[in-house]
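# Survey of secondary and tertiary structure
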Amino acid sequence: MAKRTLKKHEIKQKHLFEAYENASELPKRVRIEASSKCQLDCVECYMRTDPEGVANGCQLGNLKFKDFKKFVDENDIESVEISNHGEIFLNPELDKIIKYAYEKGIELNAGNGVNLNYLPKGMAETLVKYQFQSLVISIDGATQETYEQYRVHGRLDKVLKNIEEINFYKKKYKSDLPILTWKFIVFGHNEHEIPLVKKMAKKLKMELEFTANCAPEYSPLKDEAKVIKQTGMITTDLSPHVMLEEYNNHQTDWFYCAFLWEEPQINWDGKILGCCSLYNDDFGGNAFKDGYLKAMNHSKMIYAKNMLTNNAPPAKDIPCTQCYAYIDLQKSDYYMTSPKKLKLEKEALEKKKLEKKENAKKKTTKSSAKKTTAKKTTAKKTTTKKT
């Protein structure tokens, strides 16, 4: 059978369900890359292994404070995830971004991860003073020898020193923020250090997150059953359809493709990337230049959402078509359910419940009124008889 040639996307009336009618419908949680630059050379990082893709897509750069300020001033934003492809602390204007977000009442997080090999002077205090919400720190080893196998050019001693400095200011300000999480990707070369990592994280008052390796051909696990038992991970299988099932079953609160609806990824220069995985392309719109609403309503974004919900065939000019996650969902015949559709169904159900409650209340009130009238009539008749 001849391979079907993919055509460019074509928006039809049914696809417009995924468009936003006005700015009030836009996600209030967003992801904006603070910096796509990084000083490490991690073994399986696509930002290092595919320089051509980076040059054609997100490129290397830093979020400008003026762009951040304009964006949050013009839109109703509640929280921003600022870590993605690079290291946030390499952005020279990060302190201004953190302070302004605090003044605007916007929560900032670095949940995607930082390597924390470098912390600018005064940054530890800034993070605490201006209530930066959370820092997930990628540390894949309890010793330098193990740590540097994956985090090439990384220095574990510097990372631990920077964590201690942040903890110093948390104690000084009597603050629980930022919440610090030790993220440990489990490889075959570091699984023996799991017990030691648990002790170190506890001593540093950090939460601990174990995660599977997304490139299992690199340093595969030696004892998977033992790793699952020690870490409490649900599975070491990071196949997108497995992750989507966990997301649908509320075992995890995120899934790559869901970001397009719930927490869209915006590049440091404003380009709409949609999710945290895309680095070698974009969805056509620019949140800083076109405006948030127009960028999110770009035809490529609308069509992509219909692809992910199996409401449109793949198209050659849509980034998702070449994405390993979408390809896996296709093979598994297991797709997203539109979060917008689920939200509308939930709202309709809640409205129906409220109407039912109101009707029951009216019925009770009406019944009570009838009983009161009946009592008054009976009392009147009794008084008349006595007279």
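Going by the structure above, here's the rest.
Residues numbered from 1 in each chain as written. Predicted model: local features only at pLDDT ≥ 70, side-chain atom pairs only at ≥ 80, totals over all residues. Heavy atoms only, no water.

### Digging into the sheet that holds strand 8 (residues 272-274)
Spatially, eight strands are ordered 6-5-4-3-2-1-7-8 in an open sheet, and the strand pairing comes out mixed. Every other strand in the sheet has two partners, leaving strand 6 (207-212) and strand 8 as the edge strands with one partner each. As paired elements, strand 7 (residues 265-266) and strand 8 share two bridges and run antiparallel to each other. The partner of Gln265 across the bridge, within strand 8, is Gly274. Docked against the sheet, helix 3 (residues 65-74) engages strand 1 (29-32), strand 2 (79-81), strand 3 (107-114) and strand 7, running at close to 170° with respect to strand 1. (Pairing = 2+ DSSP bridges. Helix = DSSP H or I, 4+ residues; strand = E, 2+ residues; numbered from the N terminus. Contact = heavy atoms within 4.5 Å. Axes fitted to C-alpha atoms, helices over the stretch in contact; angles between N-to-C directions.)

### Structural notes on the layout of surface pockets
Looking at the second largest pocket, its volume works out to about 800 Å³. What lines the second largest pocket is a set of 26 residues, and nearest its centre among them are Trp261, Glu262, Pro339, Lys340 and Lys343. Of all the secondary structure elements, the ones that give two or more residues to the lining of the second largest pocket are helix 10 (240-248), helix 11 (259-262) and helix 15 (339-386). Per-element tally for the lining of the second largest pocket: the top contributor is helix 15, with seven residues. Taken together, the residues that form the lining of the second largest pocket break down as nine nonpolar, five polar and 12 charged. (1 Å grid on protein atoms, 1.4 Å probe; cavity = no way out; pocket = protein on both sides within 12 Å on 5 of 7 lines; lining within 4 Å. Points joined across faces, edges and corners; volume = space filled by probe spheres on them. Nonpolar A, V, L, I, M, F, W, Y, C, P; charged D, E, K, R; others polar.)

### Notes on the pattern of salt bridges
As enumerated under the stated definition, the model contains 10 salt bridges in all. The shortest N-O distance in the salt bridge between Glu74 and Lys70 comes to 3.0 Å. Taken as a pair, Glu74 and Lys70 lie in helix 3 at a separation of four residues, close to a single helical turn. In this structure, the salt-bridge partner of Asp73 is Lys104, at a minimum N-O distance of 3.2 Å. A residue pair is termed long-range when its members are at least 10 positions apart, and Asp73 in helix 3 and Lys104 in helix 4 (residues 94-104) qualify at 31 residues. (Salt bridge = Lys/Arg side-chain N within 4 Å of Asp/Glu carboxyl O.)

### Points about helix 8 (residues 194-203)
Turning to helix 8, its buried residues are Ile194, Val197, Met200 and Ala201. Down the axis, helix 8 shows its buried residues gathered within 120° of arc, on one side only. Projecting away from the buried face of helix 8 at angles above 90 degrees are the exposed residues Lys199, Lys202 and Lys203. Packing partners of the buried residues in helix 8 comprise helix 7 (156-172), strand 5 (179-186), strand 6 and helix 9 (224-231). Directly after helix 8, the chain includes Lys205, whose backbone phi takes a positive value near 55°. (Buried < 20%, exposed > 50% of the residue type's maximum accessible area, 1.4 Å probe, protein only. Arc of directions from axis to C-beta.)

### Here's the deal with the pairing of strand 3
Strand direction decides the pairing type here: strand 2 and strand 3, joined by three bridges, are parallel. From the neighbouring strand, Val80 faces strand 3, where its bridge partner is Leu108. Tracing the backbone out of strand 2, into helix 4 and back to the parallel element strand 3 gives a crossover that is right-handed. Relative to strand 4 (residues 134-138), strand 3 runs parallel, the two sharing three bridges. Following the sheet pairing, Val114 is matched in strand 4 by Ile137. In terms of handedness, the path from strand 3 via helix 5 (residues 123-129) over to strand 4 forms a crossover that is right-handed. (Right-handed = clockwise from strand over helix to strand, strands pointing away.)

### Things to note about the packing of aromatic side chains
Per the counting criterion, the structure on display carries 15 aromatic pairs. Taking the centre distance of 5.7 Å and the plane angle of 75° together, the rings of Phe184 and Phe210 count as edge-to-face. Highlighted residues: Phe184 in strand 5 and Phe210 in strand 6, separated in sequence by 26 residues. Here Phe184 and Phe210 have matching classes, each one buried. Following the ring pairs from residue to residue traces out a cluster consisting of Tyr247, Trp254, Phe255, Tyr256, Phe259 and Tyr324. Over the ring of Phe259 we find Arg31; its NZ or CZ atom is 4.2 Å from the centre of that ring. Over the ring of Phe17 we find Lys340; its NZ or CZ atom is 5.0 Å from the centre of that ring. (Phe/Tyr/Trp six-rings, centres within 6.5 Å; stacked < 30°, edge-to-face > 60°. Lys NZ or Arg CZ within 6 Å of the ring centre and 35° of its normal.)

### Let's talk about the packing of helix 3 against helix 4
Two elements in contact, helix 3 and helix 4, have axes separated by 10 Å at closest approach and are oriented at 15°. With respect to each other, helix 3 and helix 4 are oriented roughly parallel. In the crossing of helix 3 with helix 4, the sense of the turn from one axis to the other is right-handed. Taking contact as the criterion, the partners of Phe65, Phe68, Lys69, Val72 and Asp73 in helix 3 are, on helix 4, Lys96, Ile97, Tyr100, Ala101 and Lys104. (Parallel < 35°, antiparallel > 145°, perpendicular 65-115°, else oblique. Left-handed = near helix turned anticlockwise from the far one by under 90°.)

### Things to note about the pairing of strand 1
Relative to strand 2, strand 1 is paired through three bridges, and the arrangement is parallel. Counted as the bridge partner of Arg29 is Ser79 from strand 2. Relative to strand 7, strand 1 runs parallel, the two being bridged by two bridges. Among the inter-strand pairings, Ile32 is bridged to a residue of strand 7, identified as Ile266.

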